[in-house]
Amino acid sequence: MECVHRGRTVLFAGLGLAVLIGLAWLGAALAGEPAALPAAQDPGAQIAAAVAAGRHVRIDGPRGPVHVWIPASYRADTGATVIYVHGYFDDADTAWTGHQLAQQFALSALNALFVVPEAPVAQKTPINYPDLGELLRMVEDATGVARGAALTAAVGHSGAFRTLQAWFDEPLLDQLVMVDAMYGDEDAVTGWLRASPRHRLIFVGEDTLLATESVADKLPETLTVDRFPPTYDTWPAAARTARSVYVRAQYPHMPLVTEGIVLPSLLRLLPVEQLADEPWRLPLGSLPPLPDAAVDAAVDPADAGPN
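Everything numeric in this text was worked out from a predicted model, so none of it was measured.

## Side note on the overall build of the chain
At step 1: Each helix and strand counted, the chain has 11 helices and nine strands in total.
At step 2: In the chain, which comprises 307 residues, the share counted as buried stands at 50%.
At step 3: Sequence-distant contacts in the chain: of pairs separated by 6 or more residues, those separated by 24 or more amount to 73%.
At step 4: Element-wise, carbon and sulfur atoms account for 57% of the exposed surface of the chain, whose accessible area totals about 14,200 Å².

Here it is as structure tokens:
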């Protein structure tokens, strides 16, 4: 689905745009009412425009839907493939809308093909897409777009650990980002990292703090970051190159993937070029308001175990 937004330019004789904006803000201040930023400066509007300029495809896959978002200036030869796997109590559709995944992908500004497959919604339910190669071939066939050749990264939240572990034998998988998802076999995770010098692991602990601390102890080369930095450019320099990066999160389990702070920040740690025409200068958390239907459908399963 491609959307085009048409703007309208209005010229005012004798007054510059900056003067008009200043007068509008001054008038609002004198009236005691807050003035809204012009649409061109509103962060949520910029992100919405970037999402609309890209291409969204929902694939009716054999074992559940697969969402794909392709930035407007995506280039496969220098881009990455990023697969995001949701946790329990959500499905691909509710995570796509309720967690504003396309908006968060746009905020990361990565040159990447973003894929969100269906995954287990509860414990003991089958893994929908255990074959990563099959999943990516289906995406290429359905979209007519080649996957990013630079690297393939899997990002998973909470109960996504089951799908991620099913991909550990996949030669395609280069980088692994586990967002409060260390519920599974710790040795399988450390074994995957050590299996190839090109493998890289980024992991986040909040609800899984005991397990993430244990994994960090097993990997003495791990760079540990205490709390997420407030901006993209305040990450320790080594966080962009270290093979193992551990972040102790100051945010609760669900806001890690819903607030537009942690997920875009983690994606920026991937060694992937940034697209100049994406909203990469916007501050973290600059998401547009959720539609009312998405707010009503939101579920907070914080007390229900891994999700």
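## Some details on the nonpolar core
At step 1: Counting residues in hydrophobic clusters, the biggest one holds 45 residues, and the most contacted among them are F105, F228, L266, L267 and L270.
At step 2: The greatest single-element share of this core, amounting to five residues, is contributed by helix α4 (residues 101-108).
At step 3: Residues within four places of L270 in sequence aside, it is in contact with V82, L110, A153, Q175, V177, R200 and I202.
At step 4: Ranked by size, the runner-up nonpolar core spans 40 residues in total, among them I59, I83, V139 and L173.

## Some points on α4
At step 1: Counting buried positions along α4 yields eight of eight residues, so the element is predominantly enclosed.
At step 2: Looking at α4, one finds that the buried residues are L101, A102, Q103, Q104, F105, A106, L107 and S108.

## Focus: the packing of aromatic side chains
At step 1: The final tally for this structure, using the stated rule, is eight aromatic pairs.
At step 2: Between the aromatic rings of F161 and Y183, the centroid separation amounts to 6.0 Å while the plane-to-plane angle is 45°, which identifies the pairing as tilted. Of this pair, F161 sits in helix α6 (residues 161-166) while Y183 sits in the loop between β6 (175-179) and α7 (186-194), and the two are 22 residues apart along the sequence.
At step 3: Seen from their ring centres, F228 and W235 are 5.8 Å apart, and the 80° between their planes marks the pair as edge-to-face.
At step 4: Assessed through its relative accessible area of 5%, W235 is described here as buried.

## Here we look at the pairing of strand β5 (residues 152-157)
At step 1: Along β5, six of the six residues are buried, which leaves the element largely enclosed by surrounding structure.
At step 2: Here five bridges tie strand β3 (residues 80-85) to β5, and the two strands are oriented parallel to one another. Residue pairing across strands places T81 opposite T152, the latter belonging to β5.
At step 3: Assessed by its sense of winding, the connection that carries the chain from β5 through α6 to β6 is right-handed.

## What to know about the side chain of E186
At step 1: Along the chain, the position of E186 falls in helix α7.
At step 2: Setting aside anything within four residues of it in sequence, one finds E186 in contact with A211, S214, V215 and K218.

## A word on unusual backbone geometry
At step 1: Of note in this structure, S158 is not a glycine but carries a positive phi near 55°.
At step 2: For S158, the location among the structural elements is in the loop between β5 and α6.
At step 3: Despite not being glycine, D180 has its phi angle at roughly 50°, a positive value.
At step 4: By the element assignment, D180 lies in the loop between β6 and α7.
At step 5: For D180, a relative accessible area of 0% corresponds to the buried category.

## Some remarks on the pairing of strand β1 (residues 55-61)
At step 1: Sheet topology note: the β1/strand β2 (residues 64-70) ladder contains seven bridges and is antiparallel. By the bridge assignment for β2, R55 is matched with I70.
At step 2: Following β1, the chain reverses through two residues before pairing antiparallel with β2.

## A short note on the packing of α7 against helix α8 (residues 209-218)
At step 1: Following both chains from N to C, one finds α7 and α8 inclined at 40°, their axes separated by 10 Å at the closest point. With respect to each other, α7 and α8 are oriented oblique. In terms of crossing hand, the pair formed by α7 and α8 is right-handed. Together, E186, D187, T190 and R194 of α7 and A211, S214, V215 and K218 of α8 make up the contact between the two elements.
At step 2: The residue makeup of the contact of α7 with α8, split by class, is two nonpolar, two polar and four charged.

So, how was this worked out
Residues numbered from 1 in each chain as written. Predicted model: local features only at pLDDT ≥ 70, side-chain atom pairs only at ≥ 80, totals over all residues. Heavy atoms only, no water. Helix = DSSP H or I, 4+ residues; strand = E, 2+ residues; numbered from the N terminus. Buried < 20%, exposed > 50% of the residue type's maximum accessible area, 1.4 Å probe, protein only. Contact = heavy atoms within 4.5 Å. Areas by Shrake-Rupley, 256 points an atom, 1.4 Å probe, with all protein chains shown as cover. Core = buried A, V, L, I, M, F, W, Y, C linked by side-chain atoms within 4.5 Å. Phe/Tyr/Trp six-rings, centres within 6.5 Å; stacked < 30°, edge-to-face > 60°. Pairing = 2+ DSSP bridges. Right-handed = clockwise from strand over helix to strand, strands pointing away. Axes fitted to C-alpha atoms, helices over the stretch in contact; angles between N-to-C directions. Parallel < 35°, antiparallel > 145°, perpendicular 65-115°, else oblique. Left-handed = near helix turned anticlockwise from the far one by under 90°. Nonpolar A, V, L, I, M, F, W, Y, C, P; charged D, E, K, R; others polar.

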